[in-house]
Amino acid sequence: MTITEAPAVHRLSTAKAIVEAIDLEMARDSSVFYLGEDVGKYGGIFSSTTGLLEKYGPSRIIDTPISETAFIGLAIGAATEGMRPIAELMFTDFMGVCLDQIYNHMAKIPFESGGNVKVPMVLTAAAGGGYSDGAQHSQCLWGTFAHLPGMKVVVPSNPYDAKGLMTAAIRDDNPVVYIFHKGVLGLPWMVKNPRAIADVPVEAYEVPIGEAAVARAGKDVTVVTISLSVHHCLDVAEALAPQGIDCEVIDLRSLVPLDRKAIVDSVAKTGRLVVVDEDYHSFGMSGEVVASVTDVDPSLLKAPAIRVANPDVPVPYAHALEYAVLPRHDRIEAAVRKVVGA
C-alpha cells in the first residue's frame, strides 16, 4: 500500500501568493514577462512584483512610462506573437485611458480573426474602496469588464485562489482580466484581514476559471458575493449562526465565465438570495446573479432577492462617507435578516 504524501504548503499573504504564481510561471516559461508602472525596482505599489526584478532582470520585469495605452498595446502585440505578457494597469479606475486597447483590440482580436490569432495575456489591476483613495482610485469595475465580451474576468478573495487563478490566467490562451481587491492582499499598511494569510501549496497549481466555491455551507439563505465582500459576508454569517440564521456563502471567484449552476443549486436548497457586490448597483454583477436564478425558475425564491451594492454615486474620499456607501457588515446583516424574515 502506497501512502500518498500531502503536498508541501507554506503560509502566504494573498499578495505573496500572487507573486509566487508569477515567479513559478516565469521560471517554467520564458515567454512570460511582466510590465507596468513601478513594477521594477519599486516592486509594484501593491508588492505585485517584489523580488522578481532581481531574479529575472529588466528584460522580463519591465518598468514602463505612464502611458497605459502604449504598454497595454505593447502587451497585446507581444501576445499575438506568442508571448505571455502580464500587464499591470495598477488601478481598475485607469481603464478609461486605455479602453480602446483593452476592448477593441485585446478582447476582440481572437473573434475578429476567427480564432486564428490568440491573445494569451493577463491584465491585472487593483480595485476597491475603504482606504480614502478618492473617487478615481476606489472603484471595482469588474462588472464593466465582465459586460464587454471577449475577456475572462477573475477576482480572488484569498491566498489559495489568488495563486491558483493567476497560474490558470497565465496559462490560458484567452485574454484574462485579473482583479485583486486591496483589502484581501494582506499588506501591512492596510486594514488587517485575518483571512488574507493562509496555507498555500508550494508547487504550482491551477484553480479553474469559471468555478465558484462554497466559502461556507448553510441552509437558510444563499449569499452570493466576490472579493473582499466574501470576508464581510463570512463575518456576518458567523455572527448570525448562534441566532439560528444559517447562511451559505458563495464566492464566485470568476465573473466570466459565471458559475450560474452553483448559484441556482444553492438557491434551490435555501430558497432565499442576497447578493453582495462592492461594484455599482445598477447594470452589474448583482443584477446578473439574480437573473441567473429568475431566468431558470423564479419559483425557487421564497422571498424577493435582495442586492447590497455600492449606490450609483462616485466613491467618496471622506472616510465616514466612504464607509456609508460600501457594502459592509451592517448593510449585509440587515439584508439577510430581511430576506429570512428575522
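Keep in mind that this is a model prediction, so the values were computed, not measured.

Novice: Help me understand the packing of aromatic side chains in this model?
Specialist: The description of an aromatic ring pair uses the distance of the two centres, along with the angle that the planes make with each other. Inspection of the entire model under this criterion finds 4 aromatic pairs. Relative to Phe180, the ring of Phe46 lies with its centre 6.0 Å away and its plane at 75°, an arrangement referred to as edge-to-face. Here Phe46 is found in the loop between strand E2 (32-36) and helix H2 (52-56), whereas its partner Phe180 is found in strand E7 (residues 176-181), with 134 residues between them in sequence. Each member of the pair, Phe46 as well as Phe180, is classed as buried. Ring plane angle 20° and centroid distance 4.6 Å describe the contact between Tyr160 and Tyr205, whose orientation is recorded as stacked. With Tyr160 in helix H7 (residues 159-171) and Tyr205 in the loop between strand E8 (197-201) and strand E9 (213-216), this pair connects stretches of sequence that are 45 residues apart. According to the relative accessible area criterion, Tyr160 is partly exposed, its value standing at 38%.

Novice: Help me understand H7 in this model?
Specialist: Note that an α-helix has 3.6 residues per turn; residues three or four places apart therefore point the same way. Under the 1.5 Å per step criterion, the end-to-end length of H7 is 19 Å for 13 residues, consistent within 8% with the ideal 18 Å. Among the 13 residues that make up H7, 11 are buried, leaving the element largely enclosed by the rest of the structure. Within the sequence span of H7, burial applies to Pro159, Asp161, Ala162, Lys163, Gly164, Leu165, Met166, Thr167, Ala168, Ala169 and Ile170.

Novice: Quick question: what am I supposed to make of helix H4 (residues 99-106) here?
Specialist: Every buried residue of H4 is listed here: Gln101, Ile102 and Met106. Burial along H4 is one-sided: seen end-on, the buried residues are contained in an arc of 100°. Elements that come into contact with the buried residues of H4 comprise helix H3 (68-80), strand E4 (84-91), helix H5 (109-112), strand E5 (122-127), helix H6 (142-147) and E7.

Novice: Sorry, what's going on with the side chain of Glu37 here?
Specialist: Summarising the element assignment, Glu37 is placed in the loop between E2 and H2. The charged side chain of Glu37 is buried without a salt bridge, its nearest counter-charge being Lys182 at 14 Å. Ignoring anything within four residues of it in the chain, the contact list for Glu37 reads Asp63, Thr64, Pro65, Ile66, Ser67, Glu68, Phe71, Glu88 and Met90.

Novice: What is the right way to read the sheet that holds E5 from this model?
Specialist: Backbone-to-backbone hydrogen bonds pair the strands of a sheet. The strands run either parallel or antiparallel. With mixed pairing, 7 strands are arranged side by side in an open sheet as E3-E2-E4-E5-E7-E6-E12. Among the strands making up the open sheet, the edge pair consists of strand E3 (61-63) and strand E12 (254-256). Averaged over neighbouring strand pairs, the angle between their axes works out to 20° when direction is ignored. Sheet strands touched by H3: E2, E4 and E5. Its angle to E4, the strand with the most contacts, is close to 160°.

Novice: Just checking my understanding: could you explain the state of the cysteines for this structure?
Specialist: One covalent bond between the sulfur atoms of two cysteine residues makes up a disulfide. Summed over the entire model, instances satisfying the criterion amount to 0 disulfides. Cysteine Cys140 is unpaired, with the sulfur of Cys233 as its nearest cysteine sulfur at 13 Å. Not part of a disulfide, Cys233 finds its nearest cysteine sulfur in Cys247, a span of 8.4 Å.

Novice: Help me out: how do you make sense of the environment of Gly218 in this one?
Specialist: Position of Gly218 relative to the elements: it lies in the loop between E9 and strand E10 (221-225). Among the residues examined, Gly218 registers a relative accessible area of 8% and is labelled buried. Between the alpha carbons of Gly218 and Phe145 there is a distance of 31 Å; along the sequence they are 73 residues apart.

Quick notes on the rules
Residues numbered from 1 in each chain as written. Predicted model: local features only at pLDDT ≥ 70, side-chain atom pairs only at ≥ 80, totals over all residues. Heavy atoms only, no water. Phe/Tyr/Trp six-rings, centres within 6.5 Å; stacked < 30°, edge-to-face > 60°. Helix = DSSP H or I, 4+ residues; strand = E, 2+ residues; numbered from the N terminus. Buried < 20%, exposed > 50% of the residue type's maximum accessible area, 1.4 Å probe, protein only. Expected span 1.5 Å × (residues − 1). Arc of directions from axis to C-beta. Contact = heavy atoms within 4.5 Å. Lys, Arg positive; Asp, Glu negative; His and termini not counted. Salt bridge = Lys/Arg side-chain N within 4 Å of Asp/Glu carboxyl O. Pairing = 2+ DSSP bridges. Axes fitted to C-alpha atoms, helices over the stretch in contact; angles between N-to-C directions. Disulfide = S-S within 2.5 Å.

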